[in-house]
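Given next are the chains, with one letter for each unit.
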Amino acid sequence: MSMVLALTVCGIVVALVVLGLFVFGLRRRLIQRSGGTFDCSLRWDVPEKSDPSGKGWSYGVARYNGDRVEWYRVFSYAYRPRRVLERAAIEVAGRRLPDGEEEMALLSDAVILTCLHRGTRLELAMSEDALTGFLAWLEAAPPGQRVNVA
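Residues numbered from 1 in each chain as written. Predicted model: local features only at pLDDT ≥ 70, side-chain atom pairs only at ≥ 80, totals over all residues. Heavy atoms only, no water.

We now examine the overall build of the chain. On a plain count of helices and strands, the chain comes out with three helices and eight strands. The linear arrangement of helices and strands in the chain, starting from the amino end, is α-β-β-β-β-β-β-α-β-β-α. When each of the 150 residues of the chain is scored for burial, the buried share is 34%. Sequence-distant contacts in the chain: of pairs separated by 6 or more residues, those separated by 24 or more amount to 53%. (Helix = DSSP H or I, 4+ residues; strand = E, 2+ residues; numbered from the N terminus. Buried < 20%, exposed > 50% of the residue type's maximum accessible area, 1.4 Å probe, protein only. Contact = heavy atoms within 4.5 Å.)

Structure representation (structure tokens):
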């Protein structure tokens, strides 16, 4: 009897793991369905002095949605974005390459963009191609909107 119970419990655990992975994949598909997405790591509320330890970075997917960029954490089941950045409120403070242990925490071709958004200092890490697209999106603000790109 205990063998049947053990096999049933193992079967349920395997089924839950498979279901969890399926939901992860489905969520990412739904986020990317509307297009305009790119891989983007985020570090929120960064101190003025850069921290090369690699701590605080979260891997995610960003999606353009009109005058906003919606950032979703990859390892989450939430369908709503974790952060929303409005184009008019983004101020680019600089760009740099990963330093120290950051190289291990980020994707291999990452470039880091330091920004201010409504008084919060943040860093976005993305590929060079994604960065070019992001900066073009920032500069393509409708007439009358002031965008600060360093």
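Bringing the sheet that holds strand S8 (residues 120–127) into the picture now. Reading across from one edge, S2-S8-S7-S6 is the order of the four strands in this open sheet, with antiparallel pairing throughout. Each edge of the open sheet carries a strand with a single partner, namely strand S2 (41–44) and strand S6 (90–96). Each adjacent strand pair in this sheet contributes to an overall mean axis angle of 25°, direction not counted. Two strands pair when backbone bridges link them, and S6 and strand S7 (residues 110–117) are joined in this way by six bridges, in the antiparallel orientation. Each residue of the ladder has a partner; that of isoleucine 90, found in S7, is histidine 117. Where helix H3 (residues 128–139) meets the sheet, it contacts S6, S7 and S8, and its direction lies at approximately 130° from that of S8. (Pairing = 2+ DSSP bridges. Axes fitted to C-alpha atoms, helices over the stretch in contact; angles between N-to-C directions.)

Moving on, we get to the nonpolar core. By size, the foremost hydrophobic cluster in this structure holds 21 residues, and its most contacted members are Leu124, Met126 and Phe134. Among the elements that take part in this core, H3 stands out by supplying six residues, more than any other. Counting five residues, the second largest nonpolar core, distinct from the first, contains Leu106, Ala110, Ile112 and Ala125. (Core = buried A, V, L, I, M, F, W, Y, C linked by side-chain atoms within 4.5 Å.)

One open sheet accounts for four strands, arranged S1-S3-S4-S5; its pairing is antiparallel. Here the strands that pair on one side only, and so sit at the sheet edges, are strand S1 (37–39) and strand S5 (83–86). The sheet shows a mean angle of 20° between the axes of neighbouring strands, taken without regard to direction. Here strand S3 (residues 60–65) runs beside strand S4 (residues 68–73); their pairing, made up of six bridges, is antiparallel. Across the sheet, arginine 63 pairs through a bridge with glutamate 70, a residue of S4. Along the sheet, H3 makes contact with S1, S3, S4 and S5, crossing S3 at roughly 30°.

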